[in-house]
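# Examination of the molecular architecture
Listed below are the residues making up each chain.
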Amino acid sequence: MIQHLVLLKFKPEVSPDQIDQIFTHLAELKHLIPGIIKFNGGPYSSPEGLNQGYTHGFIMTFETADHRDAYLPHPEHEKVKAMVLNYLDDLIAFDFDVYP
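Residues numbered from 1 in each chain as written. Predicted model: local features only at pLDDT ≥ 70, side-chain atom pairs only at ≥ 80, totals over all residues. Heavy atoms only, no water.

## Structural notes on the sheet that holds strand β2 (residues 36–43)
A sheet is described by the order of its strands in space; here 4 strands give the open sequence β2-β3-β1-β4, paired in antiparallel fashion. Only two strands of the sheet have a single partner each, and these edge strands are β2 and β4 (88–97). Each adjacent strand pair in this sheet contributes to an overall mean axis angle of 15°, direction not counted. By the bridge criterion, 9 bridges tie strand β1 (residues 2–10) to β4 in an arrangement that is antiparallel. Counterpart to His4 in the pairing with β4 is Asp95. On the sheet, helix α1 (residues 16–32) packs against β1, β2 and β3 (56–62) and is oriented at approximately 170° with respect to β2. (Pairing = 2+ DSSP bridges. Helix = DSSP H or I, 4+ residues; strand = E, 2+ residues; numbered from the N terminus. Axes fitted to C-alpha atoms, helices over the stretch in contact; angles between N-to-C directions. Contact = heavy atoms within 4.5 Å.)

Given below as C-alpha cells:
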C-alpha cells in the first residue's frame, strides 16, 4: 500500500465553507478513481504547534504504487487539484510505502 500525505496551507481569506467543499471534492475522488482504498482528512488539531502554518491535511491510501501513479494524471484528480491550488498559499505532498 501507498500513503499519499498532503499538508495544506490555506490563504487567510478562504472560508470554512470553502474548505468543507474542497474536502468533499477530495473525498469524492475515492469513488471516481480506481485503487483509492481510503481517504481521511481534516484540520490541524495538535497542541504542539509544529504545523508551520499548515492548517489542514489529508491522506489517501492506494492499493499499489501503480494505482497512485494512475491517480496523479487522472482527469478527475487534475480537476480537483486545479481548484484546490487557487485557495492555497502552500502545500506539501509526501508519499510513502506502508511498512509490512
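And the narrative resumes.
## Examining unusual backbone geometry
Located in the positive-phi region is Gln52, a residue other than glycine, with phi close to 50°. Within the secondary structure, Gln52 sits in the loop between β2 and β3.

## Describing the side chain of Arg68
Locating Arg68 in the fold gives a position in helix α2 (residues 65–71). If we skip the residues at most four places from it in the chain, Arg68 touches Ile2, Phe62 and Asp95.

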